[in-house]
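Architecture and fold: a report
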Amino acid sequence: MALMQASHYTIATVGVFSWVSLQPSEDTFTFEWLDTVLDQLHAAGRIVCLATPTAAQPAWMSQAYPDVLRSDRTGRRNHHGQRVNYCPNSPNYRRFAVQIATKLAERYGSHPALVIWHISNEYGGICMCETCAEAFRTWLKKRYSSLDELNQRWWTPFWSHTYTDWSQIEPPYDNGERLTHALTLDYQRFQSDSMLECYKLERDAIRAITPDIPITTNMMGTYPHLDYRAWAPEIDVISWDCYPWPSADPGDIAFLHDLNRGLKDGQPFMLMEQTPSSQNWQPVNALKRPGVLRLWSYLAVAHGADTVMYFQWRRGRGGCEKFHGAVVEHSGRSDTRVFREVTQLGAELASLGATTLGATTPARVAVLFDWNNWWAIDSAVGPIKQKEYVATVRKHYRALWRRNIPVDIVFSDSDLSNYDIVVAPMLHMVKADLPAQLEALVQRGGSFVTTYFSGVVDETDRAFEGYPGPLSKLLGIWVEEIDALYEGQTNQIVMADGSGSYSCGRLCDIIHAEGAEVLATYGQDFYANTPVLTANRYGAGRAYYIASDPEERFLDTFYADLLKQHGINALLEAPAGVEVALRETDERRLLFVLNHRAELQRVQLPEGQHYTELLSGSTVSGTLELAAYDVRILSQAQQ
Ligand code: GAL
């Protein structure tokens, strides 16, 4: 407690994975130790994010009720152990989870330290047990009006896979039916829904007792198995665990923060976990260099985080995380680099107080990400194995991020009416309501940008009879063939205006303009001189199709031009490696200036502008000098 106070630690997440310590047998509950922990934290002036322990069931439960155990992708039941090893559809698991959540809410609901509930931990994975198989069939019956409808949607006559009875439908086992794309896709949806159901059961039990205490569960960025956008309405405050590679491009980290801010349409989120120093589960676990913890914490705040938290407080002496970074190491000492950095940051955040809390980010540009689309892309066999959906979305995002303009991450069901530019890379699956929104955007003068492999399938993964399907009218093109290129093989994007050429690769859609203007053509191969970049006028705006995967230099030029057309300027002109991000409240405009480089950098502030720098309290103007990995928060009163 003394070290927590010294480091300005305000909030502690408590109770994650503590199930057996709270319930050592089916009928025994032992809350006393947790009483002490909460009381001590409260006495020390700390607040608590109290977790339900349901991410790892006790051994007695797995032993007495084996149906709580998860099964692998062949349907074989796992042995007890590890964590997140429960079946999300097991009635016993659900019953016990609701019971312990209820007991925690009853016991601690009015504890003065409690400020937020944390349900379970990092829901995830996939279970293919018999209980799930049965629940899946029930889920399918609700989704499809009849077996005939399902057979049609899933295209099952292919290879004689038509189902003649619901009971024949199985999960997409690795040693079973794993090649029916629509089945795989629906199973992903079903498992995401099943875990969400577990979350909701615990949430509802808690909410009934503590209706005024917000509830969260920690997410994992672009985690492949859960459709977090579908989860978001059920969660009061988004929280997520940020574990980038030490060498990660900060633009990719920014993307993940923006994604979390987008989940609830701009609502600030909690940075629930980050390591203060190193992870332990990557092949090489480099330390965050001095200053990087502070820099990356402000990176989160700059993109919408209203908390900065860590995993973990102190290293445990055993178990597989004994080498995971912690604020306090095995030695228990506070005269360490990490403790000093955490303390400095804690003091700064304390001095900022509520200044940044609740601030939002106004963005005129949006990048669209969609889990269902990702699942459809990844389950497709062909035209190339490594589809790289997430990497492609990030690549487009980074090109915008490098220009220091605010970007929102949106989803297929987001309201797009406030954006000037919407970028949807690899929009392979087009959900029913989306084309009308995109058409409206362009009609009123907005720009829509999409790429190769878009407009290919509907929501049940059936190919449209002609691509880009329902986007054809908007884009003014049709796709005749898709070429896949070997690694290292490239083609060129040759600009029609003579401004130059760029390399491209991976996938090359061979397209025809049907109304669209051809802005660039391929440079070689049998489809040389055919369109690779098109722009279609539609109402007052334009819809762009980038038919291949371009080098970053192309995206830099392309987005620079597009932003200029829309009069969208950088928040500040800054050298490469310096990021500028914006959050604002009714009172203030806050510019976060982040030096991602290990060297001093200078930013020229706009002529005649004066800002209050919040971390030092000084007034700044003219040239801003940022030491290696340094951060400044420039505040101006709203006009
Ligand atoms: C998170 C998890 C923590 C801890 C951490 C290690 O995914 O929630 O419990 O395992 O990773 O990086």
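It should be noted that the structure appears before, not after, this text.
Every value quoted in this text rests on a predicted model; they were computed, and no experiment measured them.

A few words now on helix 10 (residues 250–263). With 14 residues, helix 10 extends 20 Å from end C-alpha to end C-alpha; this agrees with the ideal 20 Å at 1.5 Å per step. The distance from a side-chain oxygen at the start of helix 10 to the backbone nitrogen of Gly251 is 2.7 Å, and the residue carrying that oxygen is Asp249. Residue Asp265 follows helix 10 closely and has a positive phi angle near 55°.

For the rest of this paragraph, the subject is unusual backbone geometry. The step from Phe311 to Gln312 runs through a cis peptide bond, and the omega angle for that step is 15°. Along the chain, Gln312 turns up in the loop between strand 8 (305–308) and helix 12 (337–352). Look at the link from Tyr467 to Pro468: it is a cis peptide, with omega at 5°. Relative to the helices and strands, Pro468 is located in the loop between strand 12 (447–451) and helix 16 (472–475). With a phi angle near 40°, Glu122 is a residue other than glycine that sits in the positive phi range. By the element assignment, Glu122 lies in the loop between strand 3 (114–118) and helix 6 (130–143). At Asn404, a residue that is not glycine, the phi angle is positive and equals roughly 55°. Mapped onto the secondary structure, Asn404 falls in the loop between helix 14 (389–401) and strand 10 (407–410).

On to the packing of helix 5 (residues 91–108) against helix 8 (residues 181–209), then. Helix 8 packs onto helix 5 with a crossing angle of 30° between their chain directions and a minimal axis gap of 8 Å. By the criterion of interaxial angle, the relationship of helix 5 to helix 8 is roughly parallel. Judged by the sense of rotation from one axis to the other, the crossing of helix 5 with helix 8 is right-handed. Facing Tyr93, Arg94, Ala97, Val98, Ala101, Thr102, Ala105 and Glu106 of helix 5, the residues of helix 8 in contact are Ser194, Glu197, Cys198, Leu201, Glu202, Ala205, Ile206 and Ile209.

Helix-helix packing: each pair is described by the crossing angle between the helix axes and the interaxial distance. Close contact between helix 14 and helix 17 (residues 552–565) brings their axes to 9 Å; oriented N to C, the two are set at 55°. Our classification of the angle between helix 14 and helix 17 gives oblique. The interaxial crossing formed by helix 14 with helix 17 has right-handed handedness. Of the residues in helix 17, those touching helix 14 at Lys395, His396, Arg398, Ala399 and Leu400 are Glu552, Leu555, Asp556, Tyr559 and Leu563. Split by residue class, the contact of helix 14 with helix 17 holds five nonpolar, one polar and four charged.

Below, the discussion takes up helix 15 (residues 434–443). Of the residues making up helix 15, those classed as buried are Leu434, Pro435, Leu438, Glu439, Leu441 and Val442. Relative to the axis of helix 15, the buried residues are bounded by an arc of 160° and lie together on one face. Gly445 lies just past helix 15 and shows a positive phi near 110°.

Attention now moves to the sheet that holds strand 5 (residues 218–219). In space, the four strands of this open sheet follow the order 5-6-7-8, with parallel pairing throughout. Every interior strand has two partners, whereas the edge strands, strand 5 and strand 8, have only one. Sheet topology note: the strand 7 (residues 269–273)/strand 8 ladder contains three bridges and is parallel. Paired with Phe269 across the two strands is Ala305, which belongs to strand 8. Across the face of the sheet, helix 10 comes into contact with strand 5, strand 6 (239–241) and strand 7 while running at roughly 130° to strand 7.

Let us now look at the site of the ligand. As a matter of local geometry, the ligand sits amid Phe17, Arg83, Asn121, Glu122, Asp241, Tyr243, Glu273, Trp281, Phe311, Glu321 and His324. With respect to the ligand, the side chain of Trp281 contributes an N or O atom lying 2.7 Å from an oxygen atom. For the ligand, the protein covers 94% of the area, taking 310 Å² as the surface of the free molecule. When its residues are assigned to classes, the shell around the ligand shows four nonpolar, two polar and five charged.

A separate point is the nonpolar core. One finds Phe369 and Phe448 to be the most contacted residues of the largest nonpolar core, which totals 164 residues. Once residues lying within four places of it in the same chain are set aside, the contact partners of Phe369 are Thr222, Phe255, Leu259, Trp374, Tyr389, Val390, Val393, Ile409, Val410, Phe411 and Ser412. Membership of the second largest hydrophobic core comes to 22 residues, among which are Ile126, Leu140, Tyr144 and Leu147.

Turning our attention to the pattern of salt bridges. Side chains that differ in sign of charge can pair as their charged atoms come close. Under the definition given, this model contains 40 salt bridges. A salt bridge links Glu134 to Arg137; the shortest N-O distance between them is 3.0 Å. Highlighted residues: Glu134 and Arg137, both in helix 6, separated by three residues, approximately one helical turn. For Glu134, a relative accessible area of 43% puts it in the partly exposed group. Arg402 serves as the salt-bridge partner of Asp556, at 3.1 Å between the closest nitrogen and oxygen. In this pair, Asp556 is assigned in helix 17 and Arg402 in the loop between helix 14 and strand 10, connecting sequence segments 154 residues apart. The partly exposed category is assigned to Arg402, whose relative accessible area is 32%. Via salt bridges that share partners, Asp249, Asp252, Arg394, Arg398, Arg402, Glu552 and Asp556 belong to a single interconnected network.

Summed over all chains, the structure comprises 32 aromatic pairs. Pairing Trp139 with Phe190 gives two aromatic rings, centres 6.0 Å apart and planes at 65°, and the pair type is edge-to-face. Here Trp139 is found in helix 6, whereas its partner Phe190 is found in helix 8, with 51 residues between them in sequence. Given a relative accessible area of 15%, Trp139 falls into the buried group. Residue classification places Phe190 among the buried residues on the basis of a relative accessible area of 2%. Where Trp154 meets Tyr163, the ring centres are 6.0 Å apart and the plane angle is 75°; that geometry is what we call edge-to-face.

Rules and cut-offs
- Residues numbered from 1 in each chain as written.
- Predicted model: local features only at pLDDT ≥ 70, side-chain atom pairs only at ≥ 80, totals over all residues.
- Heavy atoms only, no water.
- Helix = DSSP H or I, 4+ residues; strand = E, 2+ residues; numbered from the N terminus.
- Expected span 1.5 Å × (residues − 1).
- Polar contact = N/O pair within 3.5 Å; in protein donor to acceptor, adjacent residues only side chain to side chain.
- Axes fitted to C-alpha atoms, helices over the stretch in contact; angles between N-to-C directions.
- Parallel < 35°, antiparallel > 145°, perpendicular 65-115°, else oblique.
- Left-handed = near helix turned anticlockwise from the far one by under 90°.
- Contact = heavy atoms within 4.5 Å.
- Nonpolar A, V, L, I, M, F, W, Y, C, P; charged D, E, K, R; others polar.
- Buried < 20%, exposed > 50% of the residue type's maximum accessible area, 1.4 Å probe, protein only.
- Arc of directions from axis to C-beta.
- Pairing = 2+ DSSP bridges.
- Near = heavy atom within 4 Å.
- Areas by Shrake-Rupley, 256 points an atom, 1.4 Å probe, with all protein chains shown as cover.
- Core = buried A, V, L, I, M, F, W, Y, C linked by side-chain atoms within 4.5 Å.
- Salt bridge = Lys/Arg side-chain N within 4 Å of Asp/Glu carboxyl O.
- Phe/Tyr/Trp six-rings, centres within 6.5 Å; stacked < 30°, edge-to-face > 60°.

What is shown is where atoms sit, not what they do.
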